[in-house]
Amino acid sequence: MDHEELNQIEATKKQKKTADRKAYMREYMKQYNAKKPKRQKLTDDEKCLRLRESQKRYYEANRQTILKQKLNKAKDAKIQKLKDKLRLLEL
């Protein structure tokens, strides 16, 4: 056997190995998907309920951030007033 024939034999072995691996994975995924429970379709009422809940969460989070911003502004204003008083006392 010469060098080219050996290379050809190695190439066919690799091709068979990858084909076997792909076939095994295909079969495995078929079995896996067969075991997996199917997802149920949502009714219109459930969709509306989920949408309403997500909107509530969004608005509540938004309201919390606005309250935090107002609180921070009030704190900053208070700190600024105290700094102004301190400057006046130093003069």
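Residues numbered from 1 in each chain as written. Predicted model: local features only at pLDDT ≥ 70, side-chain atom pairs only at ≥ 80, totals over all residues. Heavy atoms only, no water.

This part takes up the overall build of the chain. The number of helices and strands found in the chain is two helices and zero strands. In terms of C-alpha radius of gyration, the chain reaches 35 Å, well past the compact-globule figure of 12 Å for 91 residues. Principal-axis analysis of the C-alpha atoms places the extent of the chain at approximately 105 × 50 × 15 Å. For the chain, the residues scored as buried account for 0% of the 91 residues in total. (Helix = DSSP H or I, 4+ residues; strand = E, 2+ residues; numbered from the N terminus. Rg over C-alpha atoms; globule rule 2.2 N^0.38 Å. Buried < 20%, exposed > 50% of the residue type's maximum accessible area, 1.4 Å probe, protein only.)

As a further point, take the packing of aromatic side chains. Applying the stated criterion across every chain yields a total of two aromatic pairs. Centroid distance Tyr 24 to Tyr 28: 6.4 Å. Interplanar angle 25 degrees. Geometry classified as stacked. On the criterion of helical spacing, the pair formed by Tyr 24 and Tyr 28 is a turn pair, its members being four residues apart in helix 1 (residues 3-35). (Phe/Tyr/Trp six-rings, centres within 6.5 Å; stacked < 30°, edge-to-face > 60°.)

Considering all chains together, one arrives at three salt bridges under this definition. With its nearest N and O atoms 3.5 Å apart, the salt bridge here joins Asp 20 to Lys 16. Of the two residues, Asp 20 and Lys 16 both sit in helix 1, four residues apart, roughly one turn of that helix. Judged by its relative accessible area of 54%, Lys 16 falls in the exposed class. In this structure, Glu 60 and Arg 63 form a salt bridge, with 3.0 Å as the shortest nitrogen-oxygen distance. (Salt bridge = Lys/Arg side-chain N within 4 Å of Asp/Glu carboxyl O.)

Taken together, the side chains of Lys 17, Arg 21, Lys 22, Arg 26 and Lys 30 present a region of like positive charge at the surface. Relative to the assigned elements, Lys 22 resides in helix 1. Look at Lys 22 and you get exposed, because its relative accessible area is 57%. (Patch = residues over 30% accessible without salt bridge, like charges linked within 9 Å, V, L, I, M, F, W, Y side chains within 5 Å. Areas by Shrake-Rupley, 256 points an atom, 1.4 Å probe, with all protein chains shown as cover. Lys, Arg positive; Asp, Glu negative; His and termini not counted. Charge placed at Lys NZ, Arg CZ, Asp CG, Glu CD.)

On their own, these measurements won't tell you what the molecule is for.
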